[in-house]
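Chain and residue survey
Here is what each chain is made of, one letter per residue.
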Amino acid sequence: MKNFSPAVSPRSYPKGNKVIKHYNSDVEFVSEALKEARKALKKGEVPVGAVVVDESGKIVARGHNSPVNSSDPTAHAEIVALKKASRLARNYRLNNFEIYVTKEPCVMCAGALVNARVKRIIFGCYDTKSGACGSVFNIANSQKLNHRIKITGGILEDDCRSLIQNFFKARRGKKISGGETGSTEVF
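Heads up: these notes are all about the structure in this document. The model shown is predicted, which means the values in this text are computed figures rather than measured ones. (Residues numbered from 1 in each chain as written. Predicted model: local features only at pLDDT ≥ 70, side-chain atom pairs only at ≥ 80, totals over all residues. Heavy atoms only, no water.)

The next point concerns the pairing of strand 4 (residues 59-64). The sheet contact formed by strand 3 (residues 49-53) and strand 4 spans five bridges and is antiparallel. Across the sheet, residue valine 52 finds its bridge partner in strand 4, namely alanine 61. As consecutive antiparallel partners, strand 3 and strand 4 are separated by five residues, and within that stretch glycine 57 has a phi angle of approximately 90 degrees, a positive value. (Pairing = 2+ DSSP bridges. Helix = DSSP H or I, 4+ residues; strand = E, 2+ residues; numbered from the N terminus.)

Here it is, written out as C-alpha cells:
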C-alpha cells in the first residue's frame, strides 16, 4: 500500500480528546468522495460518496448513495464502490485497499468493509446517531470479529457535514413518500 505520509509533517487538529492527522492524500481522496456525494444530491439521494483506493494510491472505484433510485436498501455509497472494486480485483477480499467516504459508515457498510478486509476507512463527518466506526458502534474494530480496520475520521468534516445537513434542511416540512412530513436527518 502506498505510504500516505506527506513530504512535510501532517497538520494535526483536535477532535474532542482525539488528535486527527490530516494528510494531503486523505484530503484529496475525500474531496473525490465529495464529488460522488454531489452526484447523489443531484439525483435526490442522501449525499454520501465513496472512493476505493488500491495499494498504488490509484482510485479504482467510485460510488454514491442510490437506494431510492435503484429501489435497493443496500445501495449505500460504500457498498456500490466496494462491489465495483471487488469486480475489478476479481476478489471479494480487498486486503490492501482503502475506502474514503464522506460520512462515517453505518453498521451494514462497516460490516461489509470488515468482510472485504479493507485496510483502512477514512471518512469526513461523524454520524453520532448511527455511525459504526466509533461514534455509536465500533464494528470496524470489534474484537469479536476476525478483521479490524484502521480508521481516520474528520477529514474535510465541515464540508461533508454541511452537504448532508443542507440536504435535510431542504427536505424538512416537505411531503415525503407515504404522505408524512418531516426529516430522516441523522445529524
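What follows is about a positive patch on the surface. Taken together, the side chains of Lys43, Lys83, Lys84 and Arg87 make up a positively charged region of the molecular surface. Relative to the assigned elements, lysine 43 resides in the loop between helix 1 (24-42) and strand 3. Judged by relative accessible area, lysine 43 falls into the partly exposed class, the value being 49%. (Patch = residues over 30% accessible without salt bridge, like charges linked within 9 Å, V, L, I, M, F, W, Y side chains within 5 Å. Areas by Shrake-Rupley, 256 points an atom, 1.4 Å probe, with all protein chains shown as cover. Salt bridge = Lys/Arg side-chain N within 4 Å of Asp/Glu carboxyl O. Lys, Arg positive; Asp, Glu negative; His and termini not counted. Charge placed at Lys NZ, Arg CZ, Asp CG, Glu CD. Buried < 20%, exposed > 50% of the residue type's maximum accessible area, 1.4 Å probe, protein only.)

This paragraph deals with the nonpolar core. Formed by 43 residues in total, the largest nonpolar core has its most connected members in Val52, Leu82, Tyr100, Leu113, Val118, Ile121 and Ile149. Listed by contribution, the elements that provide at least two residues to this core are helix 1, strand 3, helix 3 (77-89), strand 5 (98-103), helix 4 (107-116), strand 6 (120-125) and helix 5 (157-171). For this core, the element with the most residues is helix 4, which contributes six residues. The residues touching leucine 113, leaving out its near neighbours within four places in the chain, are Leu82, Ile99, Pro105, Val118, Ile121 and Ile149. (Core = buried A, V, L, I, M, F, W, Y, C linked by side-chain atoms within 4.5 Å. Contact = heavy atoms within 4.5 Å.)

Take the packing of aromatic side chains next. Applying the stated rule across the entire model yields three aromatic pairs. Pairing phenylalanine 123 with tyrosine 126 gives two aromatic rings, centres 5.0 Å apart and planes at 85 degrees, and the pair type is edge-to-face. The pair formed by phenylalanine 123 and tyrosine 126 is uniform in burial state, with each residue classed as buried. Seen from their ring centres, phenylalanine 167 and phenylalanine 168 are 5.0 Å apart, and the 80 degrees between their planes marks the pair as edge-to-face. We note that phenylalanine 167, like phenylalanine 168, is buried. (Phe/Tyr/Trp six-rings, centres within 6.5 Å; stacked < 30°, edge-to-face > 60°.)

Moving on, we come to the packing of helix 3 against helix 4. Where helix 3 meets helix 4, the axes come as close as 9 Å, and the angle between the chain directions of the two elements is 25 degrees. When the axis of helix 3 is compared with that of helix 4, the two are roughly parallel. When you trace helix 3 past helix 4, the crossing you get is left-handed. Where helix 3 approaches helix 4, its residues Glu78, Ile79 and Leu82 are matched on the opposing element by Met108, Cys109, Ala112, Leu113 and Ala116. Of the residues that constitute the contact of helix 3 with helix 4, the class distribution is seven nonpolar, no polar and one charged. (Axes fitted to C-alpha atoms, helices over the stretch in contact; angles between N-to-C directions. Parallel < 35°, antiparallel > 145°, perpendicular 65-115°, else oblique. Left-handed = near helix turned anticlockwise from the far one by under 90°. Nonpolar A, V, L, I, M, F, W, Y, C, P; charged D, E, K, R; others polar.)

Glancing now at the pattern of salt bridges. Per the stated rule, a full pass over the model turns up nine salt bridges. The residue aspartate 26 makes a salt bridge to arginine 120 at a minimum N-O spacing of 2.7 Å. Of this pair, aspartate 26 sits in helix 1 while arginine 120 is found in strand 6, placing the two residues 94 residues apart along the sequence. The same class applies to aspartate 26 as to arginine 120, namely buried. Note that arginine 120 is salt-bridged to glutamate 98, the shortest N-O span being 3.6 Å. One end of the pair, arginine 120, is in strand 6; the other, glutamate 98, is in strand 5, with 22 residues separating them in the sequence. With respect to burial, arginine 120 and glutamate 98 carry one shared label: buried. Residues participating in the shared-partner salt-bridge network are Glu32, Lys35, Glu36, Lys39 and Arg62.

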